Amino acid sequence: MTVFWIMTALVTALAGLLVLAGARRGADEGEHLAGLTAAAELAELDRLKARGLLDEAGWTAARAEAGRRILSAERETRPVRAGPRDRFLVLAGIGVAAAASLGLYAVAGTPGLPDQAYERRVDEWMTDLDRLEAPQIAAVAARIVRERPEDHQALTMLGAARFEAGDPIGAASAFRRALVLRPDDAQSWARLGESLVRANGGKVDGDAEAAFAQALRRDPGQLGARYFLGEAAMARGDGATVRAMWSPLIAMLDPADPRRIDLERRLTTMGAGA
């Protein structure tokens, strides 16, 4: 806890220094920019005279007018400068804000509460599975897998939770471990393929296609595997395989189902027939 308060004080002091340094740098750069603009205007008049675009009288009049305009602008826009007490006012404001924040934390927070270890949170999640989100379910499943590495059901649950939590690579790892235990599990082969597709940005690469083929070989009723194998065949322009994969899907969908309409349209578009 002492380290926390020390770090808070250091961060507050650093914030004050950055505010003062940034304000001073902004004023200096503004003054420098105004001087560069005036010099550039006078230099441009000199170049116009040198190229013969301004005669002597015109050049003299233009420089005089530019000089008056520059002097008038300098009188009207006084440079921003920090007064001798301004920096103390800024630091005092930062100090007040920091003190108010710490006071609010002391009232609404629990400063004396030690950090809750991750494993302790997992212990609590295991007692209330119905209210957990996918990342928390994945943490609970990972705990079970560590305790029972040969538990096929725990591995498949871990893979499904990781997939829902947006971790397709972790999901694929879990499904691979499950398939080591049960190589004939068609559902795990199909879920492995889906995880690889998501990890590859939606593209059915060679590894995913092989996983879907294994799933379909073990269970022809794996409709998800059929869909993705049809996607892979369509990417190759293999209309016959697309039709073989998607025809069972189309047959089981209602004629008015948008999914069936989309599959039939895509088959027709590639010339494979509906």
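What you see is a predicted model; the values in this text were computed from it and never measured.

Student: Help me out: how do you make sense of the packing of helix α9 (residues 206-218) against helix α10 (residues 223-236) in this one?
Tutor: At their nearest, the axes of α9 and α10 sit 9 Å apart, and the two run at 135° to each other. Taken together, the axes of α9 and α10 are oblique relative to one another. Note that α9 runs across α10; the crossing there is left-handed. Of α10, the residues touching α9 (which contributes E209, F212, A213, A215 and L216) are A225, R226, F228, L229, A232 and R236. Looking at side-chain class alone, the contact of α9 with α10 contains 8 nonpolar, no polar and 3 charged residues.

Student: It is not clear to me how the packing of aromatic side chains should be interpreted in this structure. Could you clarify?
Tutor: Ring pairs (aromatic) are described by centroid distance and by the angle formed between their planes. Overall, the coordinates contain 3 aromatic pairs when judged by the stated rule. With centroids separated by 4.9 Å and ring planes inclined at 5°, the aromatic side chains of F212 and F228 adopt a geometry described as stacked. One end of the pair, F212, is in helix α9; the other, F228, is in helix α10, and 16 residues separate them in sequence. We classify F212 as buried; its relative accessible area is 0%. Here the aromatic rings of Y227 and W246 are separated by 5.8 Å at their centres, their planes lie at 10°, and the arrangement is stacked. Taken as a pair, Y227 in helix α10 and W246 in helix α11 (residues 239-252) lie far apart in primary sequence, 19 residues in all. Overall, W246 belongs to the buried group, its relative accessible area being 0%. Taking NZ or CZ as reference, R191 lies 5.1 Å from the ring centre of F163, over its face. If you follow R198 out to its NZ or CZ, it ends over the ring of F163, 3.8 Å from the centre.

Student: Could you clarify how one ought to interpret the environment of L253 in this entry?
Tutor: Relative to the helices and strands, L253 is located in the loop between α11 and α12 (258-269). Taking the relative accessible area as the measure of exposure, L253 reaches 16% and is therefore buried. Residue contacts for L253: discarding those within four places in its chain leaves R259, R260 and L263.

Student: Explain the pattern of salt bridges here, please?
Tutor: In a structure, side chains of opposite charge can pair up when their charged atoms sit close to one another. In this structure the tally under the stated criterion is 8 salt bridges. When the shortest N-O distance is used, the salt bridge between D184 and R218 registers 3.3 Å. Of this pair, D184 sits in the loop between α7 (168-181) and α8 (186-199) while R218 sits in helix α9; the two residues are 34 residues apart in sequence, bridging distant segments of the chain. Residue D184 is classed as exposed on the basis of its relative accessible area of 61%. Taking the shortest distance from any N to any O, the salt bridge between R236 and E209 comes out at 2.8 Å. With a gap of 27 residues between them, R236 in helix α10 and E209 in helix α9 connect regions that are remote in the sequence.

Reading the values: the criteria
- Every chain is numbered independently, its residues counted from 1 as its sequence is written.
- It should be noted that, the model being predicted, local features are given only for residues of pLDDT at least 70 and side-chain atom pairs only at 80 or more, the latter also being counted only at that level, while totals for whole chains, interfaces and linings use all residues.
- To get the side-chain values, take all heavy atoms of the structure and skip hydrogens and water.
- Between N-to-C directions, angles cover 0 to 180 degrees, with each direction set by a line fitted to C-alpha atoms, over the stretch in contact for helices.
- Counting from the N terminus, the helices are the DSSP runs of H or I reaching at least four residues and the strands are the DSSP runs of E reaching at least two.
- For classification, angles of less than 35 degrees are called roughly parallel, those exceeding 145 degrees roughly antiparallel, those between 65 and 115 degrees roughly perpendicular, and all remaining angles oblique.
- Should the near helix be turned counterclockwise from the far one by less than a right angle, the crossing is left-handed, whereas a clockwise turn marks it as right-handed.
- Should any heavy atoms of two residues lie within 4.5 Å, those residues are counted as being in contact.
- Asp, Glu, Lys and Arg are counted as charged, while Ala, Val, Leu, Ile, Met, Phe, Trp, Tyr, Cys and Pro are counted as nonpolar; the rest, among them Gly, fall into the polar class.
- Any pair of Phe, Tyr and Trp rings, taking the six-membered ring for Trp, is counted once the centres come within 6.5 Å. Such a pair is stacked with planes under 30 degrees apart, edge-to-face with planes over 60 apart, and tilted for the rest.
- Type-normalised accessible area, obtained with a 1.4 Å probe on protein chains alone, sets the label of each residue: buried when under 20%, exposed when over 50%, and partly exposed for intermediate values.
- For a Lys NZ or an Arg CZ to count as sitting over a ring, it must be within 6 Å of the ring centre and within 35 degrees of the ring normal.
- A pair is scored as a salt bridge if a Lys or Arg side-chain nitrogen falls within 4 Å of a carboxyl oxygen belonging to Asp or Glu.

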